[in-house]
Amino acid sequence: MSAASVEQPHDDRPLIAEANRLRDRNPGYRVEIIGGQILVTPPADGPHAVALTDLMIPFLSAGLHTTDSKVVQAIGLWLPTGVEDFAIPDLAVVDADYGDHYIENNCYDPTVFRLVLEVTSSNYQTDLRTKVSAYAEAKVPVYVIVDRKHQRLHVLTDPAADGYASHQVHAPGQMVALPDSIGAKVSLDVTALLEAGKR
């Protein structure tokens, strides 16, 4: 059973108040604020959900969901890109003490995020463009994108002021080793992930 969301007083934060109203009126939709713009994403389709579940397996198998770190879905990341900005990545690897770094509106300090991951949906340009600069500015060390539109896996590392200094694009048939900085050795099978995500 899920509890009803609690509306926090955001009189001095009109975008958050509006984002929360949209979220409450549209169950299943993901509502984020990036660059001072409210972004609303429709509920994921079945293949998106399957790809996301398949993605969790290598992270869990590598021991990243233990006392040191957690593998979590849809946890809010407070962004430095604007006074009300936050994103909700599909999947993240966070420090186990993330709860001690709560900011507001169900969001946590970006310093606890080791990796964020997005599986693209109909608004794929948000993941491939808007979120690249937002996550880089938040200094999230690793950003992975399962690009279902173009059938590619993107691994972005080394956040910089205007994006990520390293952006590797991987095609089907490749196995991709993620940086050890996430806390364990994790390899992703590009073909398997893209097949799982096909509509």
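Calculation criteria
- Going along each chain's sequence as written, the residues are numbered from 1 onward.
- For this predicted model, a pLDDT threshold of at least 70 governs which residues receive local features, and a threshold of 80 or more governs which side-chain atom pairs are given and counted, while totals over whole chains, interfaces and linings are taken from all residues.
- Heavy atoms from the whole structure form the basis of all side-chain values; hydrogens and water molecules are not counted.
- A run of H or I in DSSP becomes a helix once it reaches four residues, and a run of E becomes a strand once it reaches two; helices and strands are each numbered from the N terminus.
- Multiplying one less than the number of residues by 1.5 Å gives the expected span of a helix.
- Exposed residues in this analysis have more than 50% of their type's maximum accessible area, buried residues have under 20%, and partly exposed residues fall in between, with area computed by a 1.4 Å probe over protein chains only.
- As used here, the arc belongs to the directions running from the helix axis to the C-beta atoms.
- Between two residues, a contact is recorded if the distance between any of their heavy atoms is within 4.5 Å.
- Centres within 6.5 Å make a pair out of two Phe, Tyr or Trp rings, where for Trp the six-membered ring is used; the pair is then stacked when the planes are under 30 degrees apart, edge-to-face when over 60, and tilted otherwise.
- In this analysis, strands are considered paired if DSSP registers two or more bridges between them.
- Throughout, an axis means a line fitted to C-alpha atoms (over the contacting stretch in the case of helices), and angles, computed between N-to-C directions, take values from 0 to 180 degrees.

Caption draft 1: Structural context of helix α1 (residues 14-25). Spanning 12 residues, α1 covers 17 Å between terminal C-alpha atoms, matching the ideal 16 Å at 1.5 Å per step. Turning to α1, its buried residues are Ile-16, Ala-17, Ala-19 and Asn-20. Looking down the long axis of α1, one finds its buried residues gathered within 165 degrees of arc, a one-sided arrangement. The exposed set on the far side of α1, more than 90 degrees from its buried face, consists of Pro-14 and Arg-25. The elements touched by buried residues of α1 are β1 (30-34), β2 (37-41), β4 (76-78), β5 (86-87) and β7 (102-104).

Caption draft 2: Molecular detail of the packing of aromatic side chains. In this structure the tally under the stated criterion is 5 aromatic pairs. When the ring of Tyr-102 is compared with that of Tyr-108, the centres are 5.5 Å apart and the planes differ by 75 degrees; the resulting orientation is edge-to-face. Classification of Tyr-102 by relative accessible area gives partly exposed; the value is 40%. Considering the side-chain rings of Tyr-135 and Tyr-143, the 4.8 Å spacing of their centres and the 80 degrees angle between planes classify their relative orientation as edge-to-face.

Caption draft 3: Highlighting the sheet that holds strand β3 (residues 69-73). Pairing in this open sheet of 6 strands is mixed, and the strands run β3-β6-β9-β10-β11-β12 from one edge to the other. Either end of the sheet is taken by a strand with one partner, and the two such strands are β3 and β12 (163-170). Between one strand axis and the next, the sheet turns through 15 degrees on average, direction left out of account. As judged from the 4 bridges shared by strand β6 (residues 91-95) and strand β9 (residues 113-119), these two strands associate in the antiparallel manner. When the bridges of β9 are listed, Leu-91 appears paired with Leu-117. Contacts between helix α2 (residues 46-61) and the sheet are confined to β3, β6, β9 and β10 (142-147), with β9 contributing the most and set at about 150 degrees to the helix. Lying on the sheet, helix α3 (residues 124-137) is in contact with β9, β10, β11 (152-160) and β12; it crosses β10 at an angle near 170 degrees.

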